[in-house]
Amino acid sequence: MSGKLNDVGTGVNLFVAGEVRGTARWFNDTADVLSIDDDELEDTIAFVNKGGMTFLSPILPDLRAIVCTAGSRESHLAILCRESDVPCVLAAELSTTVADGDTVVLDLADTDTARVAVAAGAVTA
C-alpha cells in the first residue's frame, strides 16, 4: 500500500482489484441507504456489519467498494458485488474503529487476503 497508512484489518478478498482508495461510510440499515439524496457515492467505500446486506442493492453499482465484517464468497452480497464488479472485502476483522469520513485504502492485490488501512492521522481509535 502506498503513502502513510495505518493497517486496521484484513479479510477475504472477493476478487483482485489492486489498490482501492475512498472515503469510509457506514451503512447499518435500509434507512441509511434511503437517506441518501444526490450524495456522490463514487468515492465511497461502504462498511457494513452483516454478510447478507442486500439493502445496499440500490446503491451498489455507485460504490467504490464494500467492506463487510461477515459473509463469505458464496454470500448474497458477494454474488451482487461480482455481478456489479464492485470490489468487496468479506469477513473483515478490524482492529480499530473506522469512522465515517476516514480515507480508506484497500489492498486487493492478493487473490485470497485483503488488507484494510486508513490514512495516517485518520484512525479514530
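Residues numbered from 1 in each chain as written. Predicted model: local features only at pLDDT ≥ 70, side-chain atom pairs only at ≥ 80, totals over all residues. Heavy atoms only, no water.

If you check an unreviewed UniProt entry, the chain appears there as Phosphohistidine swiveling domain-containing protein from Amycolatopsis thermophila.

### Concerning the side chain of D102
Inspection of the secondary structure assignment puts D102 in the loop between β5 (88-94) and β6 (103-108). Of note is the side chain of D102, whose polar atom sits 3.0 Å from the backbone nitrogen of A99. (Helix = DSSP H or I, 4+ residues; strand = E, 2+ residues; numbered from the N terminus. Polar contact = N/O pair within 3.5 Å; in protein donor to acceptor, adjacent residues only side chain to side chain.)

### Re the UniProt feature "domain: PEP-utilising enzyme mobile" (unreviewed entry) in the chain
Summarizing the sequence annotation, UniProt attributes the feature "domain: PEP-utilising enzyme mobile" (unreviewed entry) to residues 58-108 in the numbering used throughout. Taken end to end, residues 58-108 has its terminal C-alpha atoms 24 Å apart, with 18% of it in helix and 33% in strand. (UniProt positions renumbered as here; feature names shortened; annotations may be inferred.)

### Re helix α2 (residues 76-84)
Along an α-helix, a turn takes 3.6 residues, which lines up residues three or four apart on a common side. For α2, every residue scored as buried is listed here: L77, A78 and C81. All buried residues of α2 project into a common sector of 100° when viewed along the axis, lining one side. Those residues of α2 that are buried lie in contact with β3 (44-48), β4 (65-68) and β5. Looking one or two places after α2, you find D85, whose phi comes out positive at around 60°. (Buried < 20%, exposed > 50% of the residue type's maximum accessible area, 1.4 Å probe, protein only. Arc of directions from axis to C-beta. Contact = heavy atoms within 4.5 Å.)

### Considering the environment of D85
Residue placement: D85 occurs in the loop between α2 and β5. Note: C-alpha distance between D85 and A17 (68 residues apart in sequence) is 9.7 Å.

### Digging into the sheet that holds β5
Pairing in this closed barrel of 7 strands is mixed, and the strands run β1-β5-β4-β3-β2-β6-β7 around the ring. For this sheet the average axis-to-axis angle between neighbouring strands, irrespective of direction, equals 40°. Sheet strands touched by α2: β3, β4 and β5. Its angle to β5, the strand with the most contacts, is close to 135°. (Pairing = 2+ DSSP bridges. Axes fitted to C-alpha atoms, helices over the stretch in contact; angles between N-to-C directions.)

### Observations regarding the pattern of salt bridges
Per the counting criterion, the structure on display carries 5 salt bridges. Across the salt bridge formed by R21 and E19, the nearest N and O atoms sit 3.9 Å from each other. What makes R21 partly exposed here is its relative accessible area of 36%. With a relative accessible area of 40%, E19 lands in the partly exposed category. Salt bridges here are not isolated pairs; linked through shared partners, they connect D7, D107 and R115. (Salt bridge = Lys/Arg side-chain N within 4 Å of Asp/Glu carboxyl O.)

### Some points on the environment of G9
In this structure, G9 sits in strand β1 (residues 5-13). When the C-alpha positions of G9 and G22 are compared, they lie 16 Å apart, and in sequence the two are 13 residues distant. With near-sequence residues (within four places) excluded, G9 lies in contact with E93, L94, S95, A114, R115 and V116.

### Quick notes on the nonpolar core
F27, V48, L56, I59, I66 and L77 are the most contacted members of the largest nonpolar core, which totals 21 residues. Counting only elements with at least two residues in this core, the list comes to β3, β4, α2 and β5. In this structure, A65, A92, V98 and L106 belong to the second largest nonpolar core, which totals 17 residues. (Core = buried A, V, L, I, M, F, W, Y, C linked by side-chain atoms within 4.5 Å.)

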